[in-house]
Amino acid sequence: MATLVKTDFNFPGQKSVYHGKVRDVYNINDDLMVMVATDRISAFDVILPKGIPYKGQVLNQIASTFLDATADIVPNWKLATPDPMVTVGLKCEGFRVEMIIRGYLTGSAWRDYQNGCRSLCGVSLPDGMRENQKFPEPIITPTTKADEGHDQNISKEEIIAQGIVDRDDYETMERYTKALFERGSRIAAEKGLILVDTKYEFGKRDGKVILIDEIHTPDSSRYFYADGYQERFEAGQPQRQLSKEFVRQWLIDHNFMGKAGQTVPEMTDDYCNTVSARYIELYEHITGNKFQPDNSSDITERIRKNVTDYLSSLEA
């Protein structure tokens, strides 16, 4: 199956392009952004060597669904999705902070907790917690966005003291983060899932804080199946989950955590197709819709035409 792992478009009005770990973002006339969700996959801040079939389409369509489903509580950047792998929206000045919110002690937070950490981004954690235990209230554990390498944990007060974000804007992001997580958790519960943790990114345009990028996708979020959660938790068993954590765990099992000198294990076609199936499974669970894969023989040309036609329609 074809995958899109690299783009090099030249859209009408294009000023610049930013190639991220997973998304390629094209600046149109310093006013709009064309965000292409590629089939690249990253883990431990490393782009893995092979693409995952349909991953970009899954991510883009989940994010689009949730941007629409939360637009009444938080203003967001989205204008249109002219292609299954593309969202076009307003260009904003992004804050150099990711707002991570956690409802449960799992993933990297659990690994830190196991190593004796009892304060996470300025939030105190009690002794005696267990893996996958629910927090009394969701906690916000922001990170600073790094151009290269690992993002760094940071507290609210450090963000404000260092002038990364001013207090008013940070507290607006904090309020939006809680509202988004509450809405996302309710939607997930209706589908038999638990939204465990997720991240949000925000920017500013015309003096207003706006939600940007993706939300509630398997790249930015972790989901557990609600059915059996309590029984598995009480028995100390791993949770059934829909997220990218299973990719991280596969890498850990093959002695790779993104550290110097470590080698990414071989990603066979069978393994990539297994990852693809997990992404599609999450799409169908969280949206309630059957996934309709776009099997274009030339993904690049399809995107070029769809985006160019959309941008041209704005000029008409």
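For clarity, every value in this text was computed on a predicted model and none was experimentally measured.

Visitor: Could you give an account of the overall build of the protein chain, with specific residues and numbers?
Guide: Looking only at helices and strands, the protein chain features eight helices and 17 strands. Relative to the globule expectation of 20 Å for 316 residues, the C-alpha radius of gyration of the protein chain, 19 Å, shows essentially globular dimensions. The principal-axis extents of the C-alpha atoms in the protein chain amount to approximately 60 × 50 × 45 Å. Contacts spanning at least 24 positions in sequence make up 64% of the contacts within the protein chain whose residues lie at least 6 apart. As presented, the protein chain carries roughly 14,800 Å² of accessible surface, and 45% of it is formed by carbon and sulfur atoms.

Visitor: For the packing of aromatic side chains, give the residues involved together with the corresponding values.
Guide: This model, assessed by the stated rule, comprises 12 aromatic pairs. The interplanar angle of 20° and the centroid separation of 4.9 Å between the aromatic rings of Phe-9 and Phe-11 together place this pair among those described as stacked. What makes Phe-11 buried here is its relative accessible area of 3%. Look at Tyr-54 and Phe-291: their rings are 5.9 Å apart centre to centre, the planes differ by 65°, and that puts the pair in the edge-to-face class. Of this pair, Tyr-54 sits in the loop between strand S5 (46-47) and helix H1 (55-70) while Phe-291 sits in the loop between helix H7 (269-287) and helix H8 (299-315), and the two are 237 residues apart along the sequence. Look at Tyr-54 and you get buried, because its relative accessible area is 15%. A relative accessible area of 5% means that Phe-291 is categorised as buried. Directly above the aromatic system of Phe-233 lies the positively charged group of Arg-130, at a separation of 4.4 Å from the ring centroid.

Visitor: Give me the environment of Tyr-225: which residues, what numbers.
Guide: Structurally, the position occupied by Tyr-225 is in strand S16 (residues 221-225). The exposure class assigned to Tyr-225 is buried, which follows from its relative accessible area of 9%. Separated by 213 residues in the primary sequence, Tyr-225 and Pro-12 have C-alpha atoms spaced 44 Å apart. The residues touching Tyr-225, leaving out its near neighbours within four places in the chain, are Gly-192, Leu-193, Ile-194, Arg-240, Gln-241, Leu-242, Glu-281 and His-285. A distance of 2.4 Å separates polar atoms of two side chains, one belonging to Tyr-225 and the other to Glu-281.

Visitor: Before we move on, can you summarise the pairing of S16 with the specific residues and values?
Guide: The element S16 is extensively covered by neighbouring structure, given that five of its five residues are classed as buried. Of the two faces of S16, the one holding Ser-221, Tyr-223 and Tyr-225 and the one holding Arg-222 and Phe-224 are both buried throughout. Summarising the sheet, strand S14 (residues 193-205) and S16 pair through five bridges and their orientation is antiparallel. When the bridges of S16 are listed, Thr-198 appears paired with Ser-221. Here S16 pairs with strand S17 (residues 241-243) via three bridges, running antiparallel. What sits directly across from Tyr-223, in S17, is Leu-242.

Visitor: Account for the sheet that holds strand S6 (residues 78-83), with residues named and values stated.
Guide: The strand order S1-S2-S3-S7-S6 describes an open sheet built from five strands, whose pairing is antiparallel. Every interior strand has two partners, whereas the edge strands, strand S1 (14-19) and S6, have only one. Going from strand to strand, the sheet's axes swing by 20° on average, the running direction of each strand aside. As defined by bridge partners, strand S3 (residues 32-37) adjoins strand S7 (residues 86-90) across five bridges and the pair is classed as antiparallel. Considered in S7, the bridge of Leu-32 is made with Leu-90. Together, strand S2 (23-28), S3, S6 and S7 form the strand contacts of H1, whose direction differs from that of S6 by roughly 150°. Taken strand by strand, H8 contacts S2, S3, S6 and S7, and its axis lies near 135° from that of S6.

Visitor: Please provide a residue-by-residue account of the side chain of Lys-55, values included.
Guide: Structurally, Lys-55 can be placed in helix H1. Residue contacts for Lys-55: discarding those within four places in its chain leaves Val-22, Thr-38, Asp-39, Arg-40, Ile-41, Asp-219 and Tyr-279.

Visitor: So what's going on with the nonpolar core? Which residues, and what values?
Guide: The biggest cluster of nonpolar side chains holds 61 residues, and the ones touching the most others in it are Phe-202 and Tyr-223. For this core, the leading source of residues is H7, giving eight residues. Residues Tyr-26, Val-36, Val-86 and Ile-303 belong to the second largest nonpolar core, which totals 17 residues.

So, how was this worked out
- Residues numbered from 1 in each chain as written.
- Predicted model: local features only at pLDDT ≥ 70, side-chain atom pairs only at ≥ 80, totals over all residues.
- Heavy atoms only, no water.
- Helix = DSSP H or I, 4+ residues; strand = E, 2+ residues; numbered from the N terminus.
- Rg over C-alpha atoms; globule rule 2.2 N^0.38 Å.
- Contact = heavy atoms within 4.5 Å.
- Areas by Shrake-Rupley, 256 points an atom, 1.4 Å probe, with all protein chains shown as cover.
- Phe/Tyr/Trp six-rings, centres within 6.5 Å; stacked < 30°, edge-to-face > 60°.
- Buried < 20%, exposed > 50% of the residue type's maximum accessible area, 1.4 Å probe, protein only.
- Lys NZ or Arg CZ within 6 Å of the ring centre and 35° of its normal.
- Polar contact = N/O pair within 3.5 Å; in protein donor to acceptor, adjacent residues only side chain to side chain.
- Pairing = 2+ DSSP bridges.
- Axes fitted to C-alpha atoms, helices over the stretch in contact; angles between N-to-C directions.
- Core = buried A, V, L, I, M, F, W, Y, C linked by side-chain atoms within 4.5 Å.

None of this, on its own, says anything about what the molecule does.
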